[in-house]
Amino acid sequence: MSVDTVLNAQRTPDVIQPFAELGLKPDEYARIKEILGRRPTSSELAMYSVMWSEHCSYKSSKVHLKQFEGKAPKSAALLVGIGENAGVVDIGQGYAVTFKIESHNHPSFVEPYQGAATGVGGIVRDILTMGARPIAVMDSLRFGPADALDTRRVLLGVIAGIGGYGNCLGLPNIGGEIVFDETYAGNPLVNALCVGVMKHSDIKLAKAVGAGNLVVLYGAKTGGDGIGGVSVLASETFGANGSAKRPSVQVGDPFLEKVLIECSLEIFAEDLVVGIQDLGGAGLSCATSELASGGSGGMKIALNTVPLRDSSLSPEEILMSESQERMCAIVRPENIARFLEICKKWDVTVTLIGEVTDGDRLEITWNDQIIVDVPPRTVAHEGPVYNRPFSQPEYINGVNAEKISVPIPNSAVEVRAAVLKLATTPNLADKSWVTSQYDRYVQGNTIQSQPDDSGMVRVDEKTHLGVAVSTDANANWSYLNPYQGAKLALAEAARNIATAGARPLAVTNCLNFGSPEDSGVMWQFAETVRGLADGCLEMGLPVTGGNVSFYNQTDDVAILPTPVIGVLGVIDDVRTRTPMSFNRAGLELYLLGETHEDIAGSEWAFMHGQRGGQTPIADLTREMRLIEVLLAGCSEKIFSAAHDLSQGGLAIALTEMVLRHSTGAKVHLANVGMDLISETPGRVVVAIESAKTSVLIEVAKKYDIAITKLGTTGGSSLTINEVEIPLDELRQAHTSTFPKLFG
Amino acid sequence: MKVGVVTFPGTLDDRDATRAVIAGGAQAVGLWHGDVDLKGVDAVILPGGFSYGDYLRCGAIARFAPVMEVIIQQGKRGLPVLGICNGFQVLCESHLLPGALTRNADLHFLCRDQKISIENIETSWTSSFTRGEEIVIPLKNGEGSFQCDDATLQALESEGRVIARYVGENPNGSRNLIAGITNTRGNIVGLMPHPEHAIDPLTGPSAQGLGFFTSILNALVK
Amino acid sequence: MAKIVVDVMLKSEILDPQGSAVAAALPRLGFSFAKSVRQGKRFEIEVEGEVTPAQLAEAEKAAELLLSNPVIENFVVRVEK
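Notes on the structure follow. The structure presented is a predicted model; accordingly, all values stated were derived computationally and were not measured.

A look at the interface of chain A and chain B
Opposite the 23 residues of chain A that make contact, chain B presents 23 residues. Breaking the side of chain A that touches chain B down by element, the ones donating at least two residues are α9 (149-169), α11 (254-269) and β14 (446-448) of chain A. For the side of chain A that touches chain B, the residue count by class is eight nonpolar, nine polar and six charged.

Put into structure tokens, the structure is as follows:
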């Protein structure tokens, strides 16, 4: 095959190159020429195009994301911040935790099973790359209308993919979300989160330092998976003319990933690497350029040594291949023999593909001919930055001015019907039909998983130190007011951690939006980032990393702005956690926080076709005081149970609590309809022994949080004022939705 | 007393099984799939997972691992062996136990807290229980439907070799609700649900799985 | 290059939930021709040159030992040109 070498590029400056087909704009192509002082070779063009794509370069979001560092609160816990594969936080006792959430949206629409599976695989490798043992996964999912035919195809594939891959890795799935909305039809969101744990001294970074050190590729052989996928994916919407550019699908091998995890951890334990990077989007292009730019010198790679699954691949294709389950490590020559030995033990393919040099260029050869010769930072970090225009879209004023008109249940018949209807609706219905397809027990450290407010895993078996994680997004609120929506999602995720007694420590995020080329979408994005950065500063929580997914739209219709916020918290002794529900009669139920008429963006409004109105205003200082009450309630053993109120309000919170251990409750509500359906943020239901009443009142008073007595636990019904709903009937309503739709 | 816990590439529950062995009072010894001797262990556990990816059939490749050659040999001579989930599949593929585990009837992977009744307390792994005792331990698998021909089923039933049965609705289509079986000698047990995930109510649905690990200690002391 | 093909099918008395799922899906898509469906596996094994009787015998052995589980499955070995 004829190869476009650097020499050839110098000799043939006027060759016409398909930069536009690769997603590059004319000015971007011109800049590449300027950087190199010549036209790029086709391999260089492939690298730049894929690394300068929206997905890899964050070119539209960068200017906004800077706020996460600019407004970052002082946090002693932050060990590794934004910019690495995943942020790392100190959780005490010498342990560090890393966590990150990442989207795999478009691939999951094209091929749901493999899209979701490789999404899990990718985020797990990101966590592994930091030097951590992955300990749990979670996933936040959005689909089109629950009863649409294509939703069935996508949902069943995604669930099977997450389960098929995650179960085979031996990582407990500890929670997540499933939400349906028509804007996600054709644009499902698959956001996968992984948590990993390590000792402080084990943290690894993506850097190639030390001239003479070896560049080692290990894991799967390279095939034609997803070539051009990343670049083309994030550059084109799925419009009428977009289909030709859909990528070839990447196929995952979870068994190989499991072996790769164990093999890598053994390598890390013997301290055999100086730097490491996984191969994800943009494959070798990304790994080599990022490792080289993270280091001090240059790098030399002999591309023809890369082991191939398909021998017909060209150098350009090898550079762009997104074959899964591959890692790239920088290893000192004296450690290489042991490195190879460990790979042999695990039967993992390993190849020396190059070395670190003392120059400042990334040089890639193909059978000794130079095909890439670039300054690595220009590929990995100094890509284009766009200050895209943004302005408040027209719909905002309109929807905010809308007066919501929904029936407020009042009579006994209406109240009963409302509770059952909320319990049944797909967004609020019991998700165990889905979560029972995921392994939540493996590793033997799972303390909480779905349907608890947060997932919780034990980190140390002797001290019982643990971490809790929650992901939350309320796209209905973000649609009405993206600034408030982001803050409210942050508050909810933090509250979900704190109800169990864990102290919120750090934030990750996955920001899912439509096209950044639409000024209205860009405004939603800018407002979201501003809200999240302000919120994190106010709550003292550092953002440790995140992911942006643009172009989630079909033709002109964008998805609802969907910032998924993940909060991680730490709990010193998991045995002391506050459970989500009660299992005995005679406890008293209290509501922490006040209820207002917050119907805009609520599930009740959504069920009645209402999307307008104004969101609640996030009061984060009050949220922080509420968190203190929750933490005190746990540490002082005041609470027998605590459960967060969110979508579906008190009606759903009570439903979930009484069904959890089949222990009923009897409550009296002054303003029954509004009390049940309102989604005022900053509220938690707690159960206490009556002897604890005065302590509760004292703590609530100390932190200035309103409390209201709701009723008592016991019986085999949920009784609201004079309305008695037998638990069996409530359970039937709550649990039958998913099997009926998807079974 | 030493209990070996085998790790094949793709084994997932080896750490859990190790923890359970220790909780049961024995010493746990890690065995690697390539090992050709059993390091002097008194019993062996084949834990759950997806050995070698389970791409061909569950347990089909693991059966030919070097460590299995020794286990098959010694199992036939009376070495106590407990196969959990994938381990049960390996034991069937190795013909140490009859029958086979096939896809769940509804084709979905299923992870849930499962009630089972212990029906044979004469084996090396079940003596801590009482006959008919009902326990709740996790069930989690995609291919847990126990199948065999009628003659085998009749033999299993008439010889009392069904050691555990699902209580209530059949979770996966297993014949006669079979959750676990033993060989004629009672030293080899295959069990689909996971007792190693139920040794502490903090992390499992109960601590009722512990009985399998205390049983082996009793059997070895005897 | 010649090919040895091994078809592995669940025995007829063994429950085949995958086949049943396909059988149930066909009428939903408007196909009415199918009375029942069984799902199996097919292995394609390439050999150098023509297939020799010795190779075929080996394939039979491999099918019995590894590719199928005789407890629940039957297999057929054949040569494909």
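Once you've had a look at it, read on.
With respect to the interface of chain C and chain B
Each partner contributes residues to the interface: chain C has ten residues there, and chain B has 13 residues. When residues of the side of chain C that touches chain B are assigned to their parent elements, the largest contribution, three residues, is made by helix α1 (residues 17-28) of chain C.

Concerning the environment of V6 of chain B
Residue and element names in this part refer to chain B. Mapped onto the fold, V6 is located in strand β1 (residues 2-7). Counting along the chain gives 61 residues from V6 to V67, while the straight-line C-alpha distance between them is 8.2 Å. Once residues within four sequence positions are removed from consideration, V6 is found in contact with L31, H33, V44, I45, L46 and V67.

Remarks on the environment of Y703 of chain A
All names here are of chain A. Summarising the element assignment, Y703 is placed in the loop between α26 (693-702) and β26 (707-713). As for Y703 and V629, which are separated by 74 residues in sequence, their C-alpha atoms are 6.7 Å apart. Y703 has contacts with R625, E628 and V629, leaving out every residue within four places of it along the chain.

Notes on the sheet that holds strand β18 (residues 543-549) of chain A
Residues and elements named next belong to chain A. One open sheet accounts for six strands, arranged β14-β15-β16-β21-β17-β18; its pairing is mixed. Each end of this open sheet is capped by a strand with a single partner; those strands are β14 and β18. Shown here is a sheet whose adjacent strand axes are inclined to one another by a mean of 20 degrees, direction ignored. Two elements, strand β17 (residues 503-512) and β18, share six bridges in a ladder whose sense is parallel. Bridging across to β18, L511 finds its partner in V548. Lying on the sheet, helix α20 (residues 482-498) is in contact with β16 (466-472), β17 and β21 (562-571); it crosses β21 at an angle near 30 degrees. Contacts between helix α21 (residues 519-539) and the sheet are confined to β17, β18 and β21, with β17 contributing the most and set at about 175 degrees to the helix.

Comments concerning the packing of helix α17 (residues 412-424) of chain A against helix α27 (residues 727-735) of chain A
Residue and element names in this part refer to chain A. As a packed pair, α17 and α27 sit with axes 7 Å apart at the nearest point and diverge in direction by 40 degrees. By the angle between their directions, the pair α17 and α27 is classed as oblique. In terms of crossing hand, the pair formed by α17 and α27 is right-handed. Across from L420, A423 and T424 in α17, the residues of α27 making contact are L730, A733 and H734. Broken down by class, the residue content of the contact of α17 with α27 amounts to four nonpolar, two polar and no charged.

Examining unusual backbone geometry
All names here are of chain A. In the segment running from Q450 into P451, the intervening peptide bond is cis, with an omega of 10 degrees. Even without glycine at this site, Q443 takes up a positive phi of about 80 degrees. Mapped onto the fold, Q443 is located in the loop between α18 (432-435) and β14. By the C-beta count within 10 Å, which is 23 here, Q443 ends up buried. A positive phi angle, near 55 degrees, is found at K637, a position not held by glycine. As for its placement among the helices and strands, K637 is situated in the loop between α23 (620-635) and β23 (641-644). Of the residues examined, K637 has 14 C-beta atoms within 10 Å and is grouped as partly exposed.

Describing the pairing of strand β5 (residues 173-180) of chain A
Residues and elements named next belong to chain A. Extensive coverage of β5 is indicated by the burial of eight of its eight residues. Two strands pair when backbone bridges link them, and strand β4 (residues 133-143) and β5 are joined in this way by six bridges, in the parallel orientation. Note that in β5 the partner of D139 across the bridge is G176. Following the backbone out of β4, through α9 and into the adjacent parallel β5, one traces a crossover that is right-handed.

Cut-offs used in this document
- Residues numbered from 1 in each chain as written.
- Chains lettered and ligands numbered in written order.
- Predicted model: local features only at pLDDT ≥ 70, side-chain atom pairs only at ≥ 80, totals over all residues.
- Contact = placed C-beta atoms within 7 Å.
- Helix = DSSP H or I, 4+ residues; strand = E, 2+ residues; numbered from the N terminus.
- Nonpolar A, V, L, I, M, F, W, Y, C, P; charged D, E, K, R; others polar.
- Pairing = 2+ DSSP bridges.
- Axes fitted to C-alpha atoms, helices over the stretch in contact; angles between N-to-C directions.
- Parallel < 35°, antiparallel > 145°, perpendicular 65-115°, else oblique.
- Left-handed = near helix turned anticlockwise from the far one by under 90°.
- Buried ≥ 20, exposed ≤ 12 C-beta atoms within 10 Å, placed from the backbone.
- Right-handed = clockwise from strand over helix to strand, strands pointing away.

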